[in-house]
Amino acid sequence: MTTDTAHVGQRINRPATDVYTYVADPANLPHWAPGLATAVDQVDGEWFVTFGDARAKVRFAPANVYGVLDHEVTLPTGETFLNPVRVVPYGDDCEIVFSVRRLPGVSDDDFARDTAQVTADLALLQGILEAR
């Protein structure tokens with residue numbers, strides 16, 4: 001059970017469908033979310049990300065028209081974490097919102113660092129997509 005959640009949002013001057021399509025492709029993770037993945041590969045239809053010396057399985061929600069990009073990250077220990085993510089239309093543009101959940105036992109400093117990393121990742125995503 002989580003003990004706290006920070007909703008980090010970033011407005012992106014691109015249509016929601018463009019942002020959704022880009023973020024839904026796990027192959028793009030190392031480009032816009034280096035805090036989550038420095039490398040990604042697909043094995044037998046499953047996606048894996050590498051971060052530091054660790055490797056984890058990532059599974060996104062099925063494709064949908066609602067902008068839901070929730071994804072589960074399963075660590076080598078078997079622990080699985082759900083990361084809620086939404087792409088919401090905002091006129092001709094959109095906003096992406098990532099809910100950073102603090103798990104029990106995570107310090108204030110570590111939670112602040114996780115939230116700052118997601119904030120930086122979403123700003124990087126904005127820069128990538130607005131340059132297209």
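For the structure, see preceding data.
Before going into details, it helps to say that this report is about the structure given with it. In this text the structure is predicted, and so the values were computed from the model without any measurement.

The next point concerns the overall build of the protein. Of the regular secondary structure elements, the protein holds three helices and eight strands. Put simply, the protein runs from its N terminus to its C terminus through helices and strands in the order β-α-α-β-β-β-β-β-β-β-α. Taken over C-alpha atoms, the radius of gyration comes to 14 Å for the protein, in line with the 14 Å a tight globule of 132 residues would show. The C-alpha extent of the protein, read off along each of the three principal axes, is 40 × 35 × 25 Å.

Attention shifts here to the pairing of strand E5 (residues 71-74). Here E5 shows a buried face lined by His71 and Val73 and an unburied face lined by Glu72 and Thr74. Relative to E5, strand E4 (residues 54-60) runs antiparallel, the two being bridged by four bridges. Pairing of Lys57 across the sheet is with Thr74, part of E5. Judged from the four bridges that link them, E5 and strand E6 (residues 80-83) form a sheet pairing that is antiparallel. Residue pairing in the sheet places His71 in a bridge with Asn83 of E6. In this antiparallel pair of consecutive strands, E5 and E6, the connection spans five residues, and Gly78 shows a positive phi of 95 degrees.

Right, let's get into the packing of aromatic side chains. In total, this model carries zero aromatic pairs according to the counting rule given. The lysine or arginine in question, Arg55, covers the ring of Phe48, its NZ or CZ lying 4.2 Å from the ring centre.

Attention now moves to the nonpolar core. Within the largest apolar cluster, 29 residues are counted, with the highest numbers of intra-cluster contacts made by Val23, Trp32, Ile96, Leu122 and Leu125. At the level of elements, strand E1 (4-12), helix H1 (16-24), helix H2 (29-32), E4, strand E7 (85-90), strand E8 (93-102) and helix H3 (108-130) are the ones that each hand at least two residues to this core.

All right, on to the sheet that holds E6 then. Across the sheet, five strands lie side by side as E2-E3-E4-E5-E6; this open sheet has antiparallel pairing. Two strands lie at the open edges of the sheet, namely strand E2 (39-43) and E6, each paired on one side alone. With direction set aside, neighbouring strand axes in the sheet form an average angle of 30 degrees.

This paragraph deals with unusual backbone geometry. Residue Asp44 is not a glycine yet carries a positive backbone phi of 50 degrees. Looking at the secondary structure, you find Asp44 in the loop between E2 and strand E3 (46-51). Relative accessible area serves as the criterion here: at 78%, Asp44 is assigned to the exposed category.

What follows is about the environment of Tyr90. Of note, Tyr90 is situated in strand E7. Each C-alpha atom, one on Tyr90 and one on Val65, is 15 Å from the other, the two residues being 25 residues apart in sequence. Setting aside chain neighbours within four positions, we find Tyr90 in contact with Arg11 and Glu95.

What counts, and at which threshold
Residues numbered from 1 in each chain as written. Predicted model: local features only at pLDDT ≥ 70, side-chain atom pairs only at ≥ 80, totals over all residues. Heavy atoms only, no water. Helix = DSSP H or I, 4+ residues; strand = E, 2+ residues; numbered from the N terminus. Rg over C-alpha atoms; globule rule 2.2 N^0.38 Å. Buried < 20%, exposed > 50% of the residue type's maximum accessible area, 1.4 Å probe, protein only. Pairing = 2+ DSSP bridges. Phe/Tyr/Trp six-rings, centres within 6.5 Å; stacked < 30°, edge-to-face > 60°. Lys NZ or Arg CZ within 6 Å of the ring centre and 35° of its normal. Core = buried A, V, L, I, M, F, W, Y, C linked by side-chain atoms within 4.5 Å. Axes fitted to C-alpha atoms, helices over the stretch in contact; angles between N-to-C directions. Contact = heavy atoms within 4.5 Å.

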